[in-house]
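# Examining the three-dimensional arrangement
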Amino acid sequence: MAKGITFHTRKWVRPEDLNANGTLFGGSLLRWIDEEAAIYSIIQLGNKHVVTKFMSEINFIASAKEGDLIEMGLTAIDFGRTSITLRAEVRNIFTQESILTIEKIVFVNIGEDGKPEPHGYDHITYTRDRIPLEITKALV
Ligand SMILES: CCCCCCCCCCCCCCCC(=O)SCCNC(=O)CCNC(=O)[C@H](O)C(C)(C)COP(=O)(O)OP(=O)(O)OC[C@H]1O[C@@H](n2cnc3c(N)ncnc32)[C@H](O)[C@@H]1OP(=O)(O)O
C-alpha cells in the first residue's frame, strides 16, 4: 500500500544494475533508497548532518527487469527527539506493482560534535522551509 507516501525519484533499470538472474540487483536498490531517504531526512530536519541508524526488515516483493521504470516513495512516520523514522516503498511506475517495502528507516540528526542532537520537529514539511537560509540563498 502506498498510503501517505510521496513518490519522488524515478529510475530506469539499466544493464549495470542487474544481478546474475537478469533482474534488478537488491544492493543497487538499497543504495538508491538510502540516498533518497537521507535527502528526505535532510529536508525534513533542515540539517545536512544526518546518519542512517537503523533499517527494519526489507521485503523484496517482486523483481524488476532491465528497461523497467521504477519510482521510490518515502514518508515520515515518526519524529523522535533526535531521530526521524521513515517508511519506504518502491514500485513499478506503469503497473504500480510493489517491488520493495521497508517499514522503518531511522535517521539521526547529528550536531557539530558528531553526537545526536534534538531537531525540534514533530510533523512533515512539504516545502523547503527548514533548510537554513544561507544554503537556499547560495542555490539561487
Ligand atoms: C541542509 C541542506 C544541505 C544539502 C547539501 C548536503 C547534501 C549532503 C548529502 C549527504 C547525505 C549523507 C547521508 C549519510 C547516510 C549515511 O550513509 S550514514 C552512514 C551509516 N551510519 C552511520 O555511520 C551511523 C553510525 N552510528 C552512530 O554514529 C551512532 O549510533 C549515532 C547515530 C550517533 C547514534 O548514537 P547512539 O548512542 O545510538 O544515540 P542515542 O542517543 O542512543 O539514539 C539516538 C536516536 O536514535 C534512536 N535509535 C538508537 N538506536 C536505535 C535502533 N536500533 N532502532 C531505532 N532507533 C534507534 C534513539 O531512539 C534516538 O532517537 P530519539 O529518541 O532521540 O528520537
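About the thresholds
- Residues numbered from 1 in each chain as written.
- Predicted model: local features only at pLDDT ≥ 70, side-chain atom pairs only at ≥ 80, totals over all residues.
- Heavy atoms only, no water.
- Helix = DSSP H or I, 4+ residues; strand = E, 2+ residues; numbered from the N terminus.
- Buried < 20%, exposed > 50% of the residue type's maximum accessible area, 1.4 Å probe, protein only.
- Near = heavy atom within 4 Å.
- Polar contact = N/O pair within 3.5 Å; in protein donor to acceptor, adjacent residues only side chain to side chain.
- Nonpolar A, V, L, I, M, F, W, Y, C, P; charged D, E, K, R; others polar.
- Phe/Tyr/Trp six-rings, centres within 6.5 Å; stacked < 30°, edge-to-face > 60°.
- Lys NZ or Arg CZ within 6 Å of the ring centre and 35° of its normal.
- 1 Å grid on protein atoms, 1.4 Å probe; cavity = no way out; pocket = protein on both sides within 12 Å on 5 of 7 lines; lining within 4 Å.
- Points joined across faces, edges and corners; volume = space filled by probe spheres on them.

Now for the environment of threonine 75. With respect to the helices and strands, the residue threonine 75 is situated in strand β4 (residues 69–79). Looking at threonine 75, the relative accessible area reads 10%, which means it is buried. Distance from threonine 75 to glutamate 89, taken between C-alpha atoms, is 9.1 Å for residues 14 residues apart in sequence.

Before going further, it helps to examine the site of the ligand. Taken together, 18 residues sit near the ligand, with Thr52, Lys53, Arg81, Thr82 and Ser83 positioned nearest. Serine 83 has a polar side-chain atom sitting 2.6 Å from an oxygen atom of the ligand. Counting residues per element, the shell around the ligand draws most heavily on strand β2 (residues 50–55), at five residues. Here the residues of the shell around the ligand are counted per class, giving ten nonpolar, four polar and four charged.

Next up on the list: the packing of aromatic side chains. Any two aromatic rings considered together are summarised by their centre-to-centre distance and by the angle between their planes. As enumerated under the stated definition, the model contains zero aromatic pairs in all. The side chain of arginine 91 reaches across the aromatic face of phenylalanine 7, ending 3.6 Å from its centre.

For asparagine 92, the position within the fold is in strand β5 (residues 83–92). Looking at asparagine 92, its side chain comes within polar contact range of the main-chain nitrogen of threonine 95, at 3.0 Å.

Approximately 220 Å³ is the volume attributed to the largest pocket. Around the largest pocket, the lining is made up of 14 residues, and of these His8, Tyr40, Ile43, Gln44 and Arg128 lie nearest the centre. Contributing elements (two or more residues each) for the lining of the largest pocket: β1 (6–12), α1 (26–45) and β4. With five residues, the single largest contributor to the lining of the largest pocket is α1. Class assignment of the residues belonging to the lining of the largest pocket gives a composition of six nonpolar, six polar and two charged. Computed from the structure, the second largest pocket encloses a volume of approximately 170 Å³. Lining the second largest pocket are twelve residues; nearest its centre among them are Asn47, Lys48, Ile131, Pro132 and Ile135.

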